[in-house]
Amino acid sequence: MSQHGVGPRAVTRSVAFLTAGVLAVPALAGCGSEDPSGKPLAGQDIQPAPRDRIADGGSLRWAVDSVPDTLNTFQSDADATTTRVAQAVLPSMFRMDASGRPERNPAYLESAEVVETEPKQVVLYKLNQEAVWSDGREIGAADFAAQWRALSGKDTAYWTARNAGYDRIQKIERGDSALEVRVTFSRPYADWRSLFSPLYPKDVMGTPDSFNDGARKKLKVTAGPFLVEKADREDGEITLTRNPRWWGEPARLSEIVLRTVPRDKRAAELAAGTLDLAEIDPAAARRITLAARPRSSGSPLMGPDADRSAADSLRSWAVANGSDEDAADEETVARKKLRKAAVKYARQQQALSGFEVRKSLEPAYTQLALNGAEGPLTDERVRRAVARALDRKELAQAVLKPLGLPAVPVGSHLALSGQAHYADNSGALGGQDTKEAQALLADAGWVRGGPVEEQKKEKAAGPEGEEAEDSGEDNKAQHGPDPAGHLAPDGRQYKQHQGGAPGAYAPRGTAAPANQEAARLAKNGKALTLRFVLPSGPGSQTLRTVADRISRMLERVGIGTEISKVSDESYFKDHIASGQYDLALYSWPATAYPATDARPVFAKPVPAADGSLNVEQNYTRVGTDQVDQLFDEAVTTLDEGESRSLIRKADSRIWAAAGSIPLFQRPQLLAARKNLVNAGAFGFGTPVYEDMGFLKKGAKPASGPSAKGSAAR
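About the cut-offs
- Residues numbered from 1 in each chain as written.
- Predicted model: local features only at pLDDT ≥ 70, side-chain atom pairs only at ≥ 80, totals over all residues.
- Heavy atoms only, no water.
- pLDDT = per-residue confidence, 0-100.
- Contact = heavy atoms within 4.5 Å.
- Helix = DSSP H or I, 4+ residues; strand = E, 2+ residues; numbered from the N terminus.
- Expected span 1.5 Å × (residues − 1).
- Buried < 20%, exposed > 50% of the residue type's maximum accessible area, 1.4 Å probe, protein only.
- Pairing = 2+ DSSP bridges.
- Salt bridge = Lys/Arg side-chain N within 4 Å of Asp/Glu carboxyl O.
- Core = buried A, V, L, I, M, F, W, Y, C linked by side-chain atoms within 4.5 Å.

Q: Break down the confidence of the model for the chain for me, with residues and values.
A: When pLDDT is averaged along the chain, the result is 85, and 81% of the positions lie at 70 or above. Under a pLDDT of 50 for its full length, residues 1-32 has, in the predicted model, 115 contacts with residues more than four places off or in other chains. When the criterion is pLDDT under 50, residues 459-465 qualifies, and its contacts beyond four places in sequence or with other chains add up to 15 contacts.

Here you go:
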C-alpha cells in the first residue's frame, strides 16, 4: 500500500488454508452514528507561514536516500524520491489532506464527479482552464487517454508495475469542451479518485518505448510549480527549478536540490551547512534537540567522551603519566584523538543549534508479520496466541513516548486514525491476555515440559554472515537498529520458494526445567520456538528493540524465539518475500484507497503452475475467501458509506486471521533549518512545494497554534 497507490494491484485468488472466515467477529465500529475514523494522532509540523512573509528565491537542499533509477512512478523500480519529484513537477487530480483523505487539487481540477451510474459509471473531469504543460500545450483528454492505454494492462509492451483501476476503464473522450474529460468505466470503481495522480503527458505515455525509457532519466515535459533541471546520478543530486509556465501561485524557492545523503551521515552534513532539510533517526534528533538548549550542568552528556566515567578519566591520566613508556605513548595518542573528536563534536553541536526537529507520525505503520505457510504458525490458534501475548500499548510507548509522540496502538490494517476507512477493529482478535494465549496453545496441543527430540538447526536463507541468537530468559535477544527504510517495497511480486521450513527447535534430550511455568512448550517432540528475522543494518535499532520486547512477551506464555539478523539487502528478497521466517517486523504505507491498494496485501495466495506460491504482496501467506469477497464488494460499491463499512468488515476478519498484528504508527522526524517554513514533518498531507521557502529577514512564522508534533496533546 502507498499513499498514491501500490502495485501490482491485479490479484488472483486461490485455495487457502485458514478457517478465520468462520470466526465470530464482534459488532463493527462505525455501524452506529458515531464516526469511528477519529482524528490524526499527530498533525503536521511544518512551521507554517503566509506567502507574504517568505523571501523570494533561495535553494532548498533536501536529503534523500538515493537518486532513483526512474522518474516514472508507474514502474517497479520507482522509489520515494520518484514520488517526491512527481509531486513537485506533475499534475495530480487529487492529493492527500492533513487527515490522509483525498481532496481535489484546484491547480488542475475545477471539479470531478460521478455523473452517471447506469448503464455505466461515468466520471466527468472539468480541468482548470489555465493548466498547461511546460511546452505550452493544454492538459486534456489526450493525456488521460494515453495514460489509460499504457496502464490498462492490455498491451504487455508497456512495462508497468500496476494497472488497478485503469483496467476498469472502457473509454475516455473529450466532453463538451476541451476542458472536460469523460471517463466511462466497464465496471463500477469506487476508488476512481486514485486515478491520474500523477498524470504524465502523452509524450511519455503514448508509446511503449517512451513509457519504458523516456521518463527514466529525465522529464522533458512537466506541469507543476517546478521542473526537472537535472538528474545527476554520479553526483547523487536532482535539481528542480521554477517552471516559468506555472499558472498557480509562483514558487517562492528558486530551486530544490534533492541530495543523496546516507541517514547516518545526515547530522554531520547538517552541521557542515550542506543541507537544510533531512529526515533523521532518533539519535540525530536528540543531538539537535540538545544543541538548541542552553548549556548547563544539568544537560545530558553526548559525544565522543559521553560514556567515560571519572574513574576512566583518572585511569587514562595515570597510564599516560606512568612509568611504562610504550603504554604512556599509546594512551597519550588516544587522549589526543579523543580531544580532537570532542572539539569536532562541539563545533558540530554549535552548527546544529541553527536547526530544529519537526516531528509527526508517518503515514505508515509497523506490524508483526506471522508466516502462516509453514511451521507452527500454520495453526491459526498459535497465531492468535502470539497476538494475545503482545502488549501493543507497551510496544508503542517504547518507540513513540521518548520522542514525545502519541503512543497509541494502530487499530486497523487498512487505514490509520483520521482516515475515512479507519476504525479500531482489534477487538475481533482481542487484547493482551496471557491466560487466553496459554489456553489457545493448549488447545493446539502444545504442553509445558514435554520431551524434546533433537532437531538439526536450520539457518535462515540468504547471504552468509547471519547472526542467530536465542531469546530465552537466560539469553535475551540483543538490541539493534530503526525502522526507517524498512517499508515493504512497492510494486514487486514474488513467488514463494520451496523448502527451508521456518521454525527452529531445541536439541534432543533437553531436560524440562524444574519450574514448569517457565518451561518452553513442546509438541510431538519439538519445542515451540519461532525464528524471528530482523535486518542488521545501522537504521534498524528501533526494530530490534521492539523485537526484544516481543520475545520477552512470548517467553512468558512458553513461546521461544530465535533471532536471525540478516543484511538489509537480503531482508525482503531472501527472507520476507520468499517466506524464510516465522516472525518479522516491517511497515506498510497508509493509503486513502484500501479497496484497491490493500487487496494484494491481504488476498489469498494462489498456487502457480510450477508449484510455487504467488503471494503478490501478502508476505504472511494468510488469507480467506471472505476477505477477498469483501474487498471485491467494496471496490465496486459507489456508495461511499457502504464501501467504508465493507472495508471495516474486511479489517475485522483480517484481525481474526492473525496473519499480521499492527503495532504503532511510525515516527516521522525531520531536521529543518529554523527559518525554513511550510516544510518539515508533513504527516498525511501532500507537500505544497510552491509555498516552501525561507522567512524574510525579521519575519516570523504564522501566529496561533502550530502542530508541533502532536495534534492530540
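Q: Give a description of helix 12 (residues 541-555) that names residues and reports values.
A: The terminal C-alpha atoms of helix 12 lie 21 Å apart, and with 15 residues this matches the ideal 21 Å at 1.5 Å per residue to within 8%. In terms of burial, helix 12 is largely enclosed, as 11 of its 15 residues are buried. If you check which residues of helix 12 are buried, you get Thr542, Leu543, Arg544, Val546, Ala547, Asp548, Ile550, Ser551, Met553, Leu554 and Glu555.

Q: So what's going on with the sheet that holds strand 13 (residues 447-448)? Which residues, and what values?
A: Across the sheet, 3 strands lie side by side as 13-16-17; this open sheet has antiparallel pairing. What marks the edges here is a single partner per strand, and that holds for strand 13 and strand 17 (526-527). Across 2 bridges, strand 16 (residues 521-523) lies against strand 17 in antiparallel orientation. Paired with Ala522 across the strands is Ala527, a residue of strand 17.

Q: Now, about unusual backbone geometry: what can you tell me, with residues and values included?
A: Between Glu118 and Pro119 the backbone carries a cis peptide bond, its omega angle lying at -5°. Cis rather than trans, the peptide bond between Ser197 and Pro198 has omega equal to 5°. As for its placement among the helices and strands, Pro198 is situated in the loop between strand 7 (180-185) and helix 3 (202-205). Even without being glycine, Phe196 reaches a positive phi, approximately 60°. Within the secondary structure, Phe196 sits in the loop between strand 7 and helix 3. According to the relative accessible area criterion, Phe196 is buried, its value standing at 0%.

Q: How would you sum up the pattern of salt bridges? Please name residues and give values.
A: Tallied over the full model, the rule gives 28 salt bridges. Where Asp143 meets Arg137, a salt bridge forms, and the shortest distance between an N and an O atom there is 2.8 Å. Here Arg137 falls in the partly exposed class, since its relative accessible area comes to 23%. When the shortest N-O distance is used, the salt bridge between Glu279 and Arg263 registers 3.7 Å. A residue pair is termed long-range when its members are at least 10 positions apart, and Glu279 in strand 11 (residues 277-279) and Arg263 in the loop between strand 10 (255-260) and helix 5 (266-271) qualify at 16 residues.

Q: Can you lay out the nonpolar core for me, pointing to particular residues and giving the numbers?
A: Grouped together as the largest cluster of nonpolar side chains are 108 residues, with contacts concentrated most on Met93, Tyr125 and Phe196. Considering each element in turn, this core owes the most residues, 7 residues, to helix 2 (residues 141-151). Once you skip the residues sitting within four places of it in the chain, Met93 turns out to touch Glu103, Arg104, Asn105, Tyr108, Leu109, Tyr125, Leu127, Phe144, Leu195, Phe196, Ser197 and Leu199. Counting 64 residues, the second-largest nonpolar core is a separate cluster that includes Val399, Ala407, Leu521 and Leu585.

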